[in-house]
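Below are the chains, spelled out letter by letter.
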Amino acid sequence: MKVSLLDTNEPISVEQLKDINVLYFPMDMNDYKPALESLCQERGYKNRDEVKLNKDTPNIEDKLKIFFEEHLHDDEEIRFILDGSGIFDVRNKDDKWYRINVEKGDLIIVPANMYHRFTLDDNRFIHAMRLFTDAPKWVPVNRY
Ligand SMILES: [Fe+2]
């Protein structure tokens, strides 16, 4: 994971992310199940699914357009990157973007009600596990 202030490229630390309640868990991809299960137990993540996005995904450009609209949810957004890479932008306390470049082995938790957006990076491929406290849903509230 690499994080920077989008406007200036200034590097942002894991601690600075934590200050805005974005949590980062580096996962051991040779044996992630025990750590994943204990995280799910601790935080009450009862459901999960997996999504893959690449250049051959049907309507990929339309999907990315929706994901890149600034939005929030009333639940946490938990993403565990199983393969590939991508970009999450989250708003900091000054309403500036922190750009979070995620890659295989990164698990991030964006808190409820934080404006954010997602897109692919130049690799154009991500395989991510989505974790949910309830049934899988994805209800964005766009920012106007
Ligand atoms: Fe989202």
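Residues numbered from 1 in each chain as written. Predicted model: local features only at pLDDT ≥ 70, side-chain atom pairs only at ≥ 80, totals over all residues. Heavy atoms only, no water.

Stated formally: UniProt positions are given in the numbering used here, feature names are shortened, and annotations may be inferred rather than shown by experiment.
As recorded in an unreviewed UniProt entry, the protein chain goes by Acireductone dioxygenase and comes from Polysphondylium violaceum. Comment text from UniProt for the protein chain, heading Sequence similarities (unreviewed entry), reads "Belongs to the acireductone dioxygenase (ARD) family."

1. Some words on the nonpolar core
We count it as follows: We call a set of buried residues a nonpolar core when its members are Ala, Val, Leu, Ile, Met, Phe, Trp, Tyr or Cys and they connect through side-chain atoms within 4.5 Å of each other. Relative accessibility decides the category of a residue: with a 1.4 Å probe and only protein chains considered, values under 20% of the type maximum give buried, values over 50% give exposed, and everything between is partly exposed. Contacts are assigned to residue pairs with any non-hydrogen atoms lying within 4.5 Å of each other.
One finds Val22, Val90, Tyr98, Ile100, Val102, Leu120 and Ile126 to be the most contacted residues of the largest nonpolar core, which totals 22 residues. Valine 90 has contacts with Ile20, Val22, Lys96, Trp97, Tyr98, Ile100, Val110, Met114, Tyr115 and His116, leaving out every residue within four places of it along the chain. Counting 14 residues, the second largest nonpolar core, distinct from the first, contains Tyr32, Ile78, Leu107 and Met129.

2. Quick word on the UniProt feature "binding site: Fe(2+)" (unreviewed entry) in the protein chain
Spelled out, the test is: Note on conventions: DSSP H or I runs of at least 4 residues are helices, E runs of at least 2 residues are strands, and numbering of each starts at the N terminus. N or O atoms closer than or at 3.5 Å make up a polar contact, with two conditions inside protein: a donor-capable atom paired with an acceptor-capable one, and, for residues adjacent in sequence, both atoms drawn from side chains.
According to UniProt, the "binding site: Fe(2+)" (unreviewed entry) feature falls on His71, His73, Glu77 and His116. Annotated residues spanning 46 residues; largest pairwise C-alpha distance 11.4 Å, indicating a single compact cluster. Mapped onto the secondary structure, histidine 71 falls in strand S4 (residues 71–72). Of the polar contacts made by the side chain of histidine 71, one reaches the side chain of histidine 73; its length is 3.2 Å. Structurally, histidine 116 can be placed in strand S8 (residues 116–119). Residue classification places histidine 116 among the buried positions, given a relative accessible area of 1%. Apart from the residues lying within four places of it in its own chain, the contact partners of histidine 116 are Glu69, Glu70, His71, Leu72, His73, Glu77, Asp89, Val90, Trp97 and Val110.

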